[in-house]
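Residue strings, one per chain:
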Protein chains: 2
Amino acid sequence: MKRVLILGGGGMVGQKLAHRLEDDDDIALTLHDIAFPEGGAGTDRRIGDLSVAAEGAALAAERFDTIYFLASIVSGQAETDFDLGWQTNLWPMWHFLEALRAQHRASGGDYVPRLIFTSSIAVFGGPYPEKITDEFLQSPQTSYGAQKAACELLVQDFSRKGFIDGMSLRLPTICVRPGKANLAASSFFSGIIREPLNGQEAVLPVPDTVRHWHASPRSAAGFLAHAARLDTDRLDGRRALNLPGISCTVAEQIEALRDVAGNNVVALIKSKPDPAIAKIVQGWPRDFQPDRATSLGFKAEGSFREIVDVYIEEDLQR
Amino acid sequence: MKRVLILGGGGMVGQKLAHRLEDDDDIALTLHDIAFPEGGAGTDRRIGDLSVAAEGAALAAERFDTIYFLASIVSGQAETDFDLGWQTNLWPMWHFLEALRAQHRASGGDYVPRLIFTSSIAVFGGPYPEKITDEFLQSPQTSYGAQKAACELLVQDFSRKGFIDGMSLRLPTICVRPGKANLAASSFFSGIIREPLNGQEAVLPVPDTVRHWHASPRSAAGFLAHAARLDTDRLDGRRALNLPGISCTVAEQIEALRDVAGNNVVALIKSKPDPAIAKIVQGWPRDFQPDRATSLGFKAEGSFREIVDVYIEEDLQR
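## Thoughts on the sheet that holds strand S4 (residues 66-69) of chain B
Residues and elements named next belong to chain B.
Phase 1 of the analysis: Here 7 strands make up an open sheet; going across it, the order is S3-S2-S1-S4-S5-S6-S10 and the pairing parallel. On the outer flanks of this sheet lie strand S3 (44-47) and strand S10 (240-242), each paired with one strand and no other. Each adjacent strand pair in this sheet contributes to an overall mean axis angle of 20°, direction not counted.
Phase 2 of the analysis: With 3 bridges connecting them, strand S6 (residues 165-171) and S10 associate as parallel partners. In the strand pairing of S10, Leu 169 is matched with Leu 241.
Phase 3 of the analysis: Together, strand S1 (2-7), strand S2 (27-33), S4 and strand S5 (114-120) form the strand contacts of helix H1 (residues 12-22), whose direction differs from that of S2 by roughly 165°.

## Some thoughts on the relation of the copies chain A and chain B
Phase 1 of the analysis: Least-squares fitting of chain A to chain B yields an RMSD of 0.0 Å, with the transformation described by 0.0 Å of translation along the axis and a rotation of 180°. Expressed as a symmetry operation, the mapping of one chain copy onto the other fits a two-fold axis. Across chain A, the smallest distance between a C-alpha and the rotation axis is recorded for Leu 137 of chain A, namely 1.8 Å.

## Here's the deal with unusual backbone geometry
All names here are of chain A.
Phase 1 of the analysis: Cis geometry is found at the peptide bond from Cys 175 to Val 176, where omega equals 5°.
Phase 2 of the analysis: Here Val 176 shows up in the loop between strand S7 (173-174) and helix H7 (187-197).
Phase 3 of the analysis: Of note in the backbone geometry, Asp 236 takes a positive phi value of approximately 50° without being a glycine.
Phase 4 of the analysis: Structurally, Asp 236 can be placed in the loop between helix H8 (217-229) and strand S10 (240-242).
Phase 5 of the analysis: Given 12 C-beta atoms within a 10 Å radius, Asp 236 is considered exposed.

## Some details on the environment of Ala 18 of chain A
Residue and element names in this part refer to chain A.
Phase 1 of the analysis: Tracing the backbone shows Ala 18 in helix H1 (residues 12-22).
Phase 2 of the analysis: For Ala 18, a count of 24 C-beta atoms within 10 Å translates into the label buried.
Phase 3 of the analysis: On a C-alpha basis, the gap between Ala 18 and Gly 42 in space is 6.4 Å, while along the polypeptide they are 24 residues apart.
Phase 4 of the analysis: Apart from residues lying up to four places away in sequence, Ala 18 is in contact with Ile 6, Gly 9, Leu 29, Leu 31, Ala 41 and Gly 42.

## Considering the interface of chain A and chain B
Phase 1 of the analysis: Every contact between the two is made by 20 residues of chain A and, on the other side, 20 residues of chain B.
Phase 2 of the analysis: A total of 8 residues in the side of chain A that touches chain B trace back to one element, the largest contributor, which is helix H6 (residues 143-160) of chain A.
Phase 3 of the analysis: When the residues that make up the side of chain A that touches chain B are grouped by side-chain class, the tally is 8 nonpolar, 7 polar and 5 charged.

## Considering the confidence of the model for chain A
Phase 1 of the analysis: On average, chain A scores 96 in pLDDT, and the residues at 70 or more come to 100%.
Phase 2 of the analysis: Scored as a whole, the predicted complex attains pTM 0.96, and scored at its interfaces, ipTM 0.95.

## Points about helix H13 (residues 304-314) of chain B
Residue and element names in this part refer to chain B.
Phase 1 of the analysis: Here H13 has its buried residues at Phe 304, Ile 307, Val 308 and Tyr 311. Projected down its long axis, H13 shows its buried positions confined to an angular sector of 100°, all on one face.
Phase 2 of the analysis: Each element contacted by the buried residues of H13 is listed here: helix H7 (187-197), strand S9 (211-215), strand S11 (246-249) and helix H9 (250-261).

Calculation criteria
Residues numbered from 1 in each chain as written. Chains lettered and ligands numbered in written order. Predicted model: local features only at pLDDT ≥ 70, side-chain atom pairs only at ≥ 80, totals over all residues. Pairing = 2+ DSSP bridges. Helix = DSSP H or I, 4+ residues; strand = E, 2+ residues; numbered from the N terminus. Axes fitted to C-alpha atoms, helices over the stretch in contact; angles between N-to-C directions. Contact = placed C-beta atoms within 7 Å. Least-squares fit on C-alpha atoms with pLDDT ≥ 70 in both. Buried ≥ 20, exposed ≤ 12 C-beta atoms within 10 Å, placed from the backbone. Nonpolar A, V, L, I, M, F, W, Y, C, P; charged D, E, K, R; others polar. pLDDT = per-residue confidence, 0-100. Arc of directions from axis to C-beta.

Next up, the structure:
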């Protein structure tokens, strides 16, 4: 029986992952977050705030086999609230890794948990090559991206030292997110598909020529489940990975929606330029060549149409 | 009159820089460090420990125009003492930047100091291309490198937000260092030139096929002085720079020494393999193509022979 902890288990990706892991009889699952949705996945739910160092230390003391570190505030919020961003997206990682190291030491070196951190393609900044390769520099242009990149460095060094067996997964933008819009600057990428499919108007704050990098929530859960089983020796000491996804423009997203749902649904998308959002998104990656992750067996959708289909299948309330 | 602060002003590079800036009548210079050499550069010397957050805050309150952040423990020490490494090489940067931000805010946004951070080529990790370009990923394989890379992310984000006007300079290995050997894993690169020129035996802990990236202390001081005058808009939002240097093998270093000083001096170099040093050095960069820094006017030596000559001219006691 593997004991698995999901930090940030109340969030959208955390819940998708929890649903997936619950099907596995060999896994005992614990979720931690500041809040949980009613219903949803997970029976062992812990409510607490990881920005309190003692909270992470208490969890570390339970010596879970596998720990998913998904807890984070989103990009838009980290950009508008500088203090909250660093305090939420960097320091809890440091304190938690230190707590895991204390457990490692106390165990005489036996305890080396697998830790999987959800990083982001926001660790990159332009100008970009046509496709971002696995050797492209990290030069974040948002606080969120800088915080994710800093956490990657911690995961890398604690792993290199053998205190943990960690990995950072640079998730594509997760699309289509179920539920409500959030404060992420990327929220509209989901909104323009989700809201129309639910008969509601959606706001498009950027030109439809914007190209971006997507994967479904189902793929995200799949990436995370796959990472827990990976032989980390195969990472050759580079513990951050660019993951596969679909590169498409907003116009191509909209055409996929039209294919699935028709013109009347597409007509619910209203263009309303927002320079603040456009400026953040302009700095984001558009396309990748994620050779390492692909060769390590990570898989995403084959087209944006598939991503729309996944949403309809898994999350659309009918 | 520009008020300039050098954090780590008692160290070798700090002293070289201080000597250089003292010649400038438009600069009022303050040095800060945990200790200073007897004699040497700097009349306004402050002794204190930056790992005490209040120490940095008091310095920040003086609102220097230009701040050089050179304070650091060296790579070998950061590798053997994990706690000391992170506590010395990362947290003081965070606390100091936060103190500068408080000054920025208190000034109503007027105070935006130029901050120049001495990062290192240790932010990179292999496998490497033949020459490391300005777009190569950061994947440090030492705690020192991870700490430097994390500091770069802080400098980048505080600058992007306009709290400071910062820059990170990834110095080549500084060679030939005057004075005694230190705990840096790179110390022998200087030792094999310096000790023989001083009539002493030197230990070579790695094969002479090891290739590495060097610049003289004079070039280091030149880089730092140049960075203070640079228009940071020209950095296009990527505030960490790979600097120019000389790529050569240990055998080529030794041949340069032979050219200058003859066979008897070279005979003082004794090969004594040290697997721990060899392992660290094996992970280090060997050659760069630092196009951005070159186009921004940063200059290093043209050959390792010149580097030996600089040592003889500036530092050899005769």
